[in-house]
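Working through the structure, step by step
The residues making up each chain are set out below.
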Amino acid sequence: MTTPPPSGSDDVLPAVANLDTIVSLSKRRGFVFPSSEIYGGINAVWDYGPLGVELKNNVKRAWWRAMVQDRTDIVGLDAGILMHPQVWVTSGHVGSFSDPLVECGTCRRRYRLDELPGAEELTATDLLDATVVERFGLSCPNDGGPLSAPRRFNLMFQTHMGPVQDEGSIVYFRPETAQGSYVNFKNVQQSSRKKVPFGIAQIGKSFRNEISPGNFVFRMREFEQMEMQYFVRPGDPAAAAFEEWLPRRRAWYEAYGVTPARLRTREHRPDELAHYAKKAVDVEYRFPFGWKELEGVHNRGDFDLSRHAEASGENLEYFDPATEEHFVPWIVETAAGADRAAFTFLIDAYREEEVRGEKRVVLGLHPELAPYKVAVLPLLKKRPEIVELCHRLRTDLARDVMAVYDDSAAIGKLYRRQDEIGTPWCVTVDVDSLEDGAVTVRDRDSMTQERISIAGVKRAILDRMEAARP
Ligand code: GAP
């Protein structure tokens, strides 16, 4: 079988040429910090700062709205991170959830074989072949040293449950949220009385002991997933559901502002498919470090429910009252990362412009994703009546949206600061406001200013939010 080439253009430029631009903005403005930084950091774990947590919460809210709130056929779930260890044996993760690892004989650095320079074309068979390093002339990218033969490295983190630390007390930190939905299939279906086709959506932390994490929050060891499992009739209906979900998921990123030309889809080759998948297509984004997976859409067949039914002894068949048939539903999964999505929105929104001879940095985030929707700014912070009016306005706005007050610089600088963190609207209170009861509302993207009555400001902001909603 030949794999279709990825859809979309290959020569589209990334939004930011250099990842450092985003990493430094994130640190400086409080989006993302290295974890445990005062102790030198811990590899592949990142902390979200005051603005980052707002952005990521907004991404998760937007996903939940599209996947649960707006639909009658999908319900939510929040399963535990720790599960019965047998779940991971049955799911195939204990046996197969591994990456090929090689180690340098001199510097002792470890690498994921398929990510080494020169390993781009290796097949799944090559990745397990003891002679692959010699055959492809691979060497350590750090010091050119000799590399070991590959060995499988399981990506699951383990811990022990209870006071005894032995083989029998091992539990795993989940590497995907999906299994929580499968083992709860019956609970959810019966309690919600949903009929197939229906879906279960979950957002939550997952953990993978990645061999080569990196590229900032792109690949971490602790991260958050937004996954939806859609239970469908076997065979053609599953294939049809797959074809519906793939464009729908790609369109979600576009609806929230991701440049369409920087998105493409790529089907997995048969030798690339995960152990559970019949078919998998990634939605990819053109990151500064190349085209990479943003989200996966998978046809998992009956792999998960049949195996869990067999291993647990529980009947996980669905009874269709319309046709009076019993069957094990197939699953079409949409598997996204909350961190990766937030990172993508951040990168794609970044732009630099020249305004009256000066550089203006703007995060053109969709208003629903922007950490603050509105900033309330005094033109003269020395006038207590102006400051007091600002605080009253901010408090009123904050009942409905994230609103911030700032008086720590002159107005031009305050605008630039808000542009750089993506705040769509600034409300400025000036001396005239005390007389005419009106304020200036400035738009981030067009920089146009409009005079609006104080009584009407909140409605104007909410109307603009509503108009922007996908
Ligand atoms: N349940 C299927 C599954 O987990 P996956 O393609 O391995 O599929 C789904 O993961 C999504 O989770 C990815 O597309 C990515 O957005 C996110 N993800 C996976 N591993 C990640 C990591 N180490 N760091 C950040 N995000 C990750």
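Just so it is clear, the structure is predicted and the values come from calculations on it, not from any experiment.

What follows deals with the overall build of the protein. In terms of helices and strands, the protein carries 15 helices and 23 strands. Dimensions along the principal axes, computed over C-alpha positions, put the protein at roughly 75 × 65 × 50 Å. Put simply, of all contacts in the protein between residues at least 6 apart along the chain, 67% involve residues at least 24 apart. A total of about 21,700 Å² of accessible surface is found on the protein, and carbon and sulfur atoms cover 50% of it. Averaging the locations of the 60 positively and 70 negatively charged side chains of the protein gives two centres separated by 4 Å.

With that settled, the discussion passes to the sheet that holds strand β6 (residues 151-154). Adjacent strands of a sheet pair through backbone hydrogen bonds, lying either parallel or antiparallel. Taken in spatial order, the 3 strands line up as β5-β4-β6 in an open sheet, and their pairing is antiparallel. Edge positions in the sheet fall to β5 (110-112) and β6, since each has one partner strand and no second. Ignoring strand direction, the axes of neighbouring strands in this sheet form an average angle of 50°. Pairing of strand β4 (residues 98-103) with β6 involves 4 bridges; the strand directions are antiparallel. Along β6, the bridge assignment pairs S98 with N154.

Turning our attention to the layout of surface pockets. For the second largest pocket, the calculated volume is near 300 Å³. Contributing elements (two or more residues each) for the lining of the second largest pocket: α2 (50-69) and α15 (454-468). Per-element accounting of the lining of the second largest pocket gives the leading share, 5 residues, to α2. Across the lining of the second largest pocket, the residue classes tally to 6 nonpolar, 1 polar and 8 charged.

The rules we used
- Residues numbered from 1 in each chain as written.
- Predicted model: local features only at pLDDT ≥ 70, side-chain atom pairs only at ≥ 80, totals over all residues.
- Heavy atoms only, no water.
- Helix = DSSP H or I, 4+ residues; strand = E, 2+ residues; numbered from the N terminus.
- Contact = heavy atoms within 4.5 Å.
- Areas by Shrake-Rupley, 256 points an atom, 1.4 Å probe, with all protein chains shown as cover.
- Lys, Arg positive; Asp, Glu negative; His and termini not counted.
- Charge placed at Lys NZ, Arg CZ, Asp CG, Glu CD.
- Pairing = 2+ DSSP bridges.
- Axes fitted to C-alpha atoms, helices over the stretch in contact; angles between N-to-C directions.
- 1 Å grid on protein atoms, 1.4 Å probe; cavity = no way out; pocket = protein on both sides within 12 Å on 5 of 7 lines; lining within 4 Å.
- Points joined across faces, edges and corners; volume = space filled by probe spheres on them.
- Nonpolar A, V, L, I, M, F, W, Y, C, P; charged D, E, K, R; others polar.

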